[in-house]
Amino acid sequence: MWNCDNCGKCCIEFTNQIRFQCDENLLTLFEKSPNLQQNPLISLFFRIKEYFKKDIDGKIFYFVPTKSDLLPFLSVKDKNIFNNSSDTDLNCKECMFLSWKTVNNGRISFCQIHNYNPKMCKDYPSSKGGVCLNHPERYYTMEFFEYQKKKIGFAIKVLKKIYGEKVKFQIGFDIICFLMDFGKFSYDRVRNFFIKNFHISSSEFVNAVQEFVKLSLIFNVNGDIESISIKETERLVDDLMDKFGW
């Protein structure tokens, strides 16, 4: 089980994605809770949340602004709310609810609405296979691979139906499963992972990658490796259906 280092990276690098669904606890409880209403930071969010509301595929979301997003809405009194983030000015791009404290001469982050934060924050990094921005080494584990099998195994089955009889090195489908939708990985670390956990030789891994590179299902560039995405797999199936009139 992963442990949070309170590094704050997720609260900074995902800032434009952090959002509440319309039925989440904070949104439903605010009007009923005097304690929440007396919290100046939460009250500030509710005062301006309509400016950050978006309709995505028919669902309403309230995106959490960054501290710099807040600037046009802040009075001088409002700025006092952020005194505990004085090590960064209000022009920063971190989540408005992110704050910092010093512990044992080190700087760690904390969420000022931890008990009421968005579901996506509660689910992270479980929603990413246990891999957080501060621990990319967790990609190269069987736990992550098992997560990938559950998440995108259906896409691998589709690719096997299309290419299964055409390839010699079937381990290539497992390599795609490992890589799919997570961008670039270290070629050497992926190779070492498969040699250790799948008991294949280095040459088998190399040959499998080369075979799938020729099919444009795996991409190997400058020491990095990545694979076709789920979206690209869907387009591939659509193209085949159009081609054969299915």
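Report on the accompanying structure.

Attention now moves to the overall build of the chain. Within the chain, the regular secondary structure consists of 12 helices and eight strands. Compactness check: the chain gives a C-alpha radius of gyration of 23 Å against a globular reference of 18 Å for 246 residues, more than 25% above the reference. Summarising its shape, the C-alpha atoms of the chain cover approximately 70 × 50 × 30 Å along the three principal directions. Within the chain, contacts between residues at least 6 apart in sequence are counted, and of these 58% link residues at least 24 apart. Working note: accessible area of the chain is about 14,600 Å², and carbon and sulfur atoms make up 50% of it. Put simply, the chain has 34 plus and 30 minus side-chain charges, and the middle of one group is 2 Å from the middle of the other.

Another point: the sheet that holds strand 7 (residues 218-221). In spatial order, the strands read 6-8-7; together these three strands make up an open sheet with antiparallel pairing. Two strands lie at the open edges of the sheet, namely strand 6 (185-186) and strand 7, each paired on one side alone. Relative to strand 8 (residues 224-227), helix 9 (residues 171-179) is tilted by about 95°, and along the sheet it contacts strand 6, strand 7 and strand 8.

Let us now look at the sheet that holds strand 3 (residues 59-63). Sheet strands pair via backbone hydrogen bonds, and the direction of the pair is either parallel or antiparallel. Pairing within the open sheet is antiparallel, and its three strands lie in the order 1-3-2. Pairing within the sheet leaves two strands with one partner each, and these edge strands are strand 1 (19-21) and strand 2 (53-56). Each strand of the sheet is rotated relative to its neighbour by a mean of 35°, with strand direction disregarded.

It is worth spelling out the pairing of strand 5 (residues 106-111) at this point. Strand direction decides the pairing type here: strand 4 (residues 98-103) and strand 5, joined by six bridges, are antiparallel. Paired with L98 across the two strands is C111, which belongs to strand 5. What sits between strand 4 and strand 5 in their antiparallel hairpin is a turn of two residues, with N104 showing a positive phi close to 55°.

Counted under the stated rule, the structure contains 30 aromatic pairs. Both rings, one in F145 and one in F193, keep their centres 6.4 Å apart while their planes meet at 50°; by these two values the pair is tilted. With F145 in helix 8 (residues 142-163) and F193 in helix 10 (residues 187-198), this pair connects stretches of sequence that are 48 residues apart. Across the pair, F193 and F145 agree in class, each one buried. Here the aromatic rings of F145 and F194 are separated by 6.4 Å at their centres, their planes lie at 80°, and the arrangement is edge-to-face.

Basis of the calculations
- Residues numbered from 1 in each chain as written.
- Predicted model: local features only at pLDDT ≥ 70, side-chain atom pairs only at ≥ 80, totals over all residues.
- Heavy atoms only, no water.
- Helix = DSSP H or I, 4+ residues; strand = E, 2+ residues; numbered from the N terminus.
- Rg over C-alpha atoms; globule rule 2.2 N^0.38 Å.
- Contact = heavy atoms within 4.5 Å.
- Areas by Shrake-Rupley, 256 points an atom, 1.4 Å probe, with all protein chains shown as cover.
- Lys, Arg positive; Asp, Glu negative; His and termini not counted.
- Charge placed at Lys NZ, Arg CZ, Asp CG, Glu CD.
- Pairing = 2+ DSSP bridges.
- Axes fitted to C-alpha atoms, helices over the stretch in contact; angles between N-to-C directions.
- Phe/Tyr/Trp six-rings, centres within 6.5 Å; stacked < 30°, edge-to-face > 60°.
- Buried < 20%, exposed > 50% of the residue type's maximum accessible area, 1.4 Å probe, protein only.

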